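Observations on the model geometry
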Amino acid sequence: MAVSALRPGPVARLAARRLVFAVLSLLVVATVVFWAIELLPGDAAQRILGRDATAQALAALRERLHLADPAPMRYLHWLGGVLHGDFGTSLAANRPVLPYVGARLADTLLLAGAALAIHIPLSIGLGLVAASARRDGLVDTLLSVAVLLGMSVPEFVIGIALVAWLSTAWGWFPPLALIDQARSFGQVVLLLALPVLTLNLVMTAYVVRQTRASMIEILQSDFVRAASLRGLSRSRVLLRHALPSAVGPAVNAIALNAGWLVGGIVVVEAVFNYPGLGRLLVEAIGNHDVPLVQGAAMALAAVYVVVNLAADVATTLLNPKLRTALP
């Protein structure tokens, strides 16, 4: 067998390089998060015992939680545990961090997956409609206004407005997404409706804008005009000839949205009291629960890295110019 046949392909080498940088990025995230929490006033013992705690009780709890040890020693002890698969124990909940974070991460991925499952076909479809509509016509104008609103209004404003409108005023959906209390698939769908709608109203605008701009450029190219001159239907020209060439920028925009979703979902989870990783992170920061904050932050960072790696690989596979440019 030739030696060249055993060499990994350019895409595999790209993925390997990105994985190395991903590990370094997670190490940086863990370090920055640890020292950022250390700089906050107070500690976990004060948050657990409250303002009325005696000095003796605080000293005893700090000794039990090893909070009296020097910060560099605690960081190195935590890092050594991570290398052996032990992410420590939550100071406030007294639970192992890894299964605690894993359970909340599953709920967050459920919400993110539901949002993306609607976001991808919806945003590309609206981009196609906007690109094929008459310039400055009613459809083009309405979609442009909706895109500008979606890109300019923060997600917490949209979430609160949807609660006031669809929950408080009309009573269609529950105001809180307490998915851990759902007893059937229908209840899960109902509880996810407002958070998913909020995320899509924010994310869809950018992809629609990118898809529209890319499609308009492709529709003016020679090969699309040639397809139209051959008498092909408008839908076939759009879906079979123009869309495959224009989908690359849309994939990039969706990847950026998926990356934003990791951070933006924290705000949405807080608005709807959704029991996901974002809300757990907010609670852990409030409790100065350093091991739990580090575990939650590293999980969110890992999801962000994996999503961006998958997007880079997908974009490279879809674009022949990028494939041939790889070393």
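Residues numbered from 1 in each chain as written. Predicted model: local features only at pLDDT ≥ 70, side-chain atom pairs only at ≥ 80, totals over all residues. Heavy atoms only, no water.

A cluster of nonpolar side chains, Phe156, Val157, Ile160 and Val267, forms an exposed patch at the surface whose accessible area comes to about 320 Å². Examining the composition of the nonpolar patch, we find that three residues originate from one element, helix H8 (residues 155–169), more than from any other. Relative to the assigned elements, Val267 resides in helix H11 (residues 234–271). What makes Val267 partly exposed here is its relative accessible area of 32%. (Patch = residues over 30% accessible without salt bridge, like charges linked within 9 Å, V, L, I, M, F, W, Y side chains within 5 Å. Areas by Shrake-Rupley, 256 points an atom, 1.4 Å probe, with all protein chains shown as cover. Salt bridge = Lys/Arg side-chain N within 4 Å of Asp/Glu carboxyl O. Helix = DSSP H or I, 4+ residues; strand = E, 2+ residues; numbered from the N terminus. Buried < 20%, exposed > 50% of the residue type's maximum accessible area, 1.4 Å probe, protein only.)

Moving on, we get to the packing of aromatic side chains. Counted according to the given criterion, the structure contains six aromatic pairs. Ring geometry for Trp170 and Trp172: centres 4.8 Å apart, planes at 55°, overall tilted. These aromatic residues form a ring-pair network of at least three members: Phe34, Trp35, Tyr75, Trp78 and Phe87. When the ring centre of Tyr100 is taken as reference, the NZ or CZ atom of Arg95 above it lies at 4.0 Å. (Phe/Tyr/Trp six-rings, centres within 6.5 Å; stacked < 30°, edge-to-face > 60°. Lys NZ or Arg CZ within 6 Å of the ring centre and 35° of its normal.)

Per the UniProt record, "transmembrane region" (unreviewed entry) is annotated on residues 20–37, 109–130, 142–165, 185–208, 250–272 and 292–311. Along residues 20–37 the backbone is 100% helical and 0% strand, and the end-to-end C-alpha distance reaches 26 Å. (UniProt positions renumbered as here; feature names shortened; annotations may be inferred.)

With numbering matched to this structure, UniProt assigns "domain: ABC transmembrane type-1" (unreviewed entry) to residues 105–315. Span residues 105–315 is 83% helix and 0% strand, its end C-alpha atoms 26 Å apart.

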